[in-house]
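Residue strings, one per chain:
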Amino acid sequence: MGRRLVGELLRIQRGRLGLTQKEAGELLLVSEGCFGSYERAEHIPPIQFLKDADNGLDARGALVACIEMMEEEKYAPTFVNWVRLERHARVISAYENMLIPGLLQTRDHAQALYEARRPAFTEEEIEGHVTARLERQSVLTRNPPPYVGYVIEESVLERHLGGAEVLKGQLLHILECIRTMRQHLTVQVMPTKRHTHAGLNGPMQLMGTEEGRNLVYVEAHGGDKLIHKPELVTDLFEIFGILRAQALNPWESEELIKQKAGEL
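The structure displayed is predicted, hence computed values, not measured ones.

Reading the values: rules and limits
- Residues numbered from 1 in each chain as written.
- Predicted model: local features only at pLDDT ≥ 70, side-chain atom pairs only at ≥ 80, totals over all residues.
- Heavy atoms only, no water.
- Helix = DSSP H or I, 4+ residues; strand = E, 2+ residues; numbered from the N terminus.
- Pairing = 2+ DSSP bridges.
- Axes fitted to C-alpha atoms, helices over the stretch in contact; angles between N-to-C directions.
- Parallel < 35°, antiparallel > 145°, perpendicular 65-115°, else oblique.
- Left-handed = near helix turned anticlockwise from the far one by under 90°.
- Contact = heavy atoms within 4.5 Å.
- Nonpolar A, V, L, I, M, F, W, Y, C, P; charged D, E, K, R; others polar.
- Phe/Tyr/Trp six-rings, centres within 6.5 Å; stacked < 30°, edge-to-face > 60°.
- Buried < 20%, exposed > 50% of the residue type's maximum accessible area, 1.4 Å probe, protein only.
- Polar contact = N/O pair within 3.5 Å; in protein donor to acceptor, adjacent residues only side chain to side chain.
- Salt bridge = Lys/Arg side-chain N within 4 Å of Asp/Glu carboxyl O.

1. Structural notes on the environment of Arg11
Here is step 1 of the chain: Residue placement: Arg11 occurs in helix H1 (residues 2-16).
Here is step 2 of the chain: C-alpha separation for the pair Arg11 and Ala112, spaced 101 residues apart in sequence, amounts to 33 Å.

Shown next as structure tokens:
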């Protein structure tokens, strides 16, 4: 298992430098317990930790070389390539009819989402999934940032996943993201009263890669799919364009989210 290899490398490098777990944690700005959990292979370390540890413990690239191995433990095989491409994507878009887009989720919301999963995850699996989801969000603040556009069903903004306080915190977080990333983030709401629209076949994630390719990722019961055939991708990008035209515009959407947050 990849995390065991990482744990052994951490132990070896820490020992070579004559550091205790506490001292190594202080060096890398994590708690002794956190460092110990990575060393014992109890948790999957984040990418930034591996980069920091490689430098701080003088691992000479050994820990950085484990990053891809860690990603394969964090994500489903069909999704890991999407995550890797996402880090350098020019355009990231999605239509969501069940969930808040992952790049906009708060920790509490993501925690509640994974706790609701059936069959149930273990506590360790939940923590791993939440950490991985939050780690992906660094793409929003990279330089230069991607252009990000979402169409979200109004009903998603009303689902009390985790309770009213978690939902309110999530809505306020979306508003803060809109405020601070307005130049490259657009959020549109599809009103529940819209009697029909182009997205009734389900959610989808879309991407324009740094090389200029367009891709679509679709999640469903029974399996997920990365779509790359040009004719299918073109159709789905056109559907997403229609969805944006049918949804509330960004300013109307922002006002609706503010209204819903104020009601909680």
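After that view of the structure, there is still more to cover.
2. Digging into the sheet that holds strand S3 (residues 185-190)
Backbone hydrogen bonds are what pair the strands of a sheet, in a parallel or an antiparallel way.
Here is step 1 of the chain: What the six strands build is an open sheet, ordered S3-S2-S1-S4-S5-S6; its pairing is mixed. Each edge of the open sheet is held by one strand with a lone partner, namely S3 and strand S6 (225-227). Ignoring strand direction, the axes of neighbouring strands in this sheet form an average angle of 15°.
Here is step 2 of the chain: Note that strand S5 (residues 214-218) and S6 share three bridges and pair antiparallel. Bridged to Val216 within S6 is Ile227.

3. Digging into the packing of helix H9 (residues 164-180) against helix H11 (residues 250-263)
Here is step 1 of the chain: Across the interface, H9 lies against H11 with an axial gap of 9 Å and an inter-helix angle of 150°. Relative to H11, H9 is oriented roughly antiparallel. Two packed elements cross with a definite hand, and for H9 against H11 that hand is left-handed. Residues Lys168, Leu171, Leu172, Ile174, Leu175 and Ile178 of H9 form the contact with H11, whose own contacting residues are Glu254, Ile257, Lys258, Lys260 and Ala261.
Here is step 2 of the chain: Looking at side-chain class alone, the contact of H9 with H11 contains seven nonpolar, no polar and four charged residues.

4. Quick word on the packing of aromatic side chains
Here is step 1 of the chain: Tallied over the entire structure, the rule returns five aromatic pairs.
Here is step 2 of the chain: Pairing Phe79 with Tyr217 gives two aromatic rings, centres 5.0 Å apart and planes at 50°, and the pair type is tilted. Here Tyr217 lies in strand S5 and Phe79 lies in helix H6 (residues 77-86), a separation of 138 residues in the sequence.
Here is step 3 of the chain: Its relative accessible area of 10% is what places Phe79 among the buried residues.
Here is step 4 of the chain: Overall, the relative accessible area of 1% leaves Tyr217 in the buried class.

5. Comments concerning the packing of helix H7 (residues 107-115) against helix H8 (residues 123-136)
Here is step 1 of the chain: Taken N-terminus to C-terminus, the directions of H7 and H8 make an angle of 140°; their axes are 9 Å apart at the nearest point. The orientation of H7 relative to H8 falls into the category oblique. Note that H7 runs across H8; the crossing there is right-handed. In this structure, H7 contributes Arg107, Ala110, Gln111, Leu113, Tyr114 and Glu115 to the contact, and H8 contributes Ile126, Glu127, His129, Val130, Thr131, Arg133 and Leu134.
Here is step 2 of the chain: Counted by class, the contact of H7 with H8 contains six nonpolar, three polar and four charged residues.

6. Describing the side chain of Arg136
Here is step 1 of the chain: Mapped onto the elements of the fold, Arg136 is located in helix H8.
Here is step 2 of the chain: Only 2.8 Å separates the side chain of Arg136 from the side chain of Glu86, close enough to count as a polar contact.
Here is step 3 of the chain: Residues in contact with Arg136, not counting those within four places in the same chain, are Tyr75, Phe79, Val83, Glu86, Leu103 and Gln205.

7. Topic: the pattern of salt bridges
Here is step 1 of the chain: Summed over the entire model, instances satisfying the criterion amount to 14 salt bridges.
Here is step 2 of the chain: The partner of Glu254 in a salt bridge is Arg182, and the shortest N-O contact between them spans 3.0 Å. Of this pair, Glu254 sits in helix H11 while Arg182 sits in the loop between H9 and S3, and the two are 72 residues apart along the sequence.
Here is step 3 of the chain: Note on Glu254: relative accessible area 10%, which makes it buried.
Here is step 4 of the chain: Here Arg182 falls in the partly exposed class, since its relative accessible area comes to 42%.
Here is step 5 of the chain: A salt bridge links Glu254 to Lys258, with the nearest nitrogen and oxygen atoms 4.0 Å apart. Residue Glu254 and its partner Lys258 are located together in helix H11, separated by four residues, close to a single helical turn.
Here is step 6 of the chain: Owing to a relative accessible area of 39%, Lys258 belongs among the partly exposed residues under this scheme.
Here is step 7 of the chain: Overlapping salt bridges, with partners in common, bring together Arg182, Glu254, Glu255 and Lys258 in one network.

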